[in-house]
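Residues per chain are reported as follows:
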Amino acid sequence: MKLPIIETERLILRPLEVSDAEHIFNTWASDPRVTKFMTYTTHKSSETTKEWLESVERDAQDNDSKKHEIGFQLKESGKLIGSGGAYYKPEFDRWSIGYNLAFDYWHQGYTSEAMKGLVDTLSKMGIKHFISDHAVDNPNSGKVMEKIGMKFDHMGSYTCFDGRVFEAKYYIMDLE
C-alpha cells in the first residue's frame, strides 16, 4: 500500500527523496531544538540524513511496507518544512504516528494540519486504529495529538536510539 500525495489547505504531503537530504539536514535534522525528544539523535552531517532518506525510499518502494514517511511542503513557496509518518506497531495492533517540524514553523498549526491529512488518508485506505506518544516534557506534541482527535490512554516511556529514555504520554484514536 503506497500513500498518495496529499493536499491540505496549506500543505502538500509528499514522498521524501534522497535529494531532500541537504535541505532537511540544514532545516531541522541538525537542530537540537527539533530533535530533543525524537528517537533519533541530532544529525551531525547531511550524510546521516541521506542514509535515513535512502531507507525511506526503500520502504516507499515496498508495496507491503508497514512504514509510511512524508514530507510537509508549503503550497505557497514549495519549501519543505517537516516530515512525519505512520508505521505499524504490532505490540499495540495500531499504527503509530509521529512528526517533526522545522523550528521556524512551530506554533502555526502546520503539524496538526499535516497529521490530520495523513490520518484521514490512511483511514480511507482502511487503517482505523492509531497510537502516538510524546515526552511528558514536550506537552505541545500532545496538543497536536488532541487537535487531530486522539485521546489520552496511558503513561509509559520510550527509548531513543542512543539509549535516552523519556517518560511519555500515550494517546490513541479509533476511527470505527
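Up top is the structure.
Residues numbered from 1 in each chain as written. Predicted model: local features only at pLDDT ≥ 70, side-chain atom pairs only at ≥ 80, totals over all residues. Heavy atoms only, no water.

A. Region of interest: helix α4 (residues 110-124). End to end, α4 covers 21 Å across 15 residues, agreeing with the expected 21 Å (1.5 Å per residue, within 8%). With 12 of 15 residues buried, α4 lies mostly within the body of the structure. Those residues of α4 lying buried are Y110, T111, S112, E113, A114, M115, G117, L118, V119, T121, L122 and S123. Once α4 finishes, G126 follows within two positions and takes phi at roughly 100°, a positive value. (Helix = DSSP H or I, 4+ residues; strand = E, 2+ residues; numbered from the N terminus. Expected span 1.5 Å × (residues − 1). Buried < 20%, exposed > 50% of the residue type's maximum accessible area, 1.4 Å probe, protein only.)

B. Inspection of the nonpolar core at higher detail. With 40 residues, the main nonpolar core has F72, I81, I97, L118, F130 and M150 as its most contacted residues. For F130, the residues in contact, after removing those within four places along its chain, are R94, W95, I97, V119, L122, M150, Y171, I172, M173 and L175. (Core = buried A, V, L, I, M, F, W, Y, C linked by side-chain atoms within 4.5 Å. Contact = heavy atoms within 4.5 Å.)

C. Representation of the packing of aromatic side chains. Throughout the structure, instances matching the rule amount to 7 aromatic pairs. Clustering of aromatic rings is evident, with ring pairs tying together F37, Y158 and F166. Here the basic side chain of R10 rests over the ring of Y110, its NZ or CZ set 4.1 Å away from the ring centre. Sitting above the plane of the F103 ring, R33 keeps its charged end 3.7 Å from the centroid. (Phe/Tyr/Trp six-rings, centres within 6.5 Å; stacked < 30°, edge-to-face > 60°. Lys NZ or Arg CZ within 6 Å of the ring centre and 35° of its normal.)

D. Focus on the sheet that holds strand β5 (residues 94-101). Read across the open sheet, the 8 strands follow the order β1-β2-β3-β4-β5-β6-β8-β7; overall the sheet is mixed. Each edge of the sheet is formed by a strand with only one pairing partner; in this case those strands are β1 (6-7) and β7 (151-159). Judged from the 8 bridges that link them, strand β4 (residues 80-89) and β5 form a sheet pairing that is antiparallel. Bridge pairing in β5 places Y88 opposite W95. On top of the sheet, α4 reaches β1, β2 (11-14), β3 (67-74), β4, β5, β6 (129-135) and β8 (165-174); it is set at about 150° to β5, its chief contact. (Pairing = 2+ DSSP bridges. Axes fitted to C-alpha atoms, helices over the stretch in contact; angles between N-to-C directions.)

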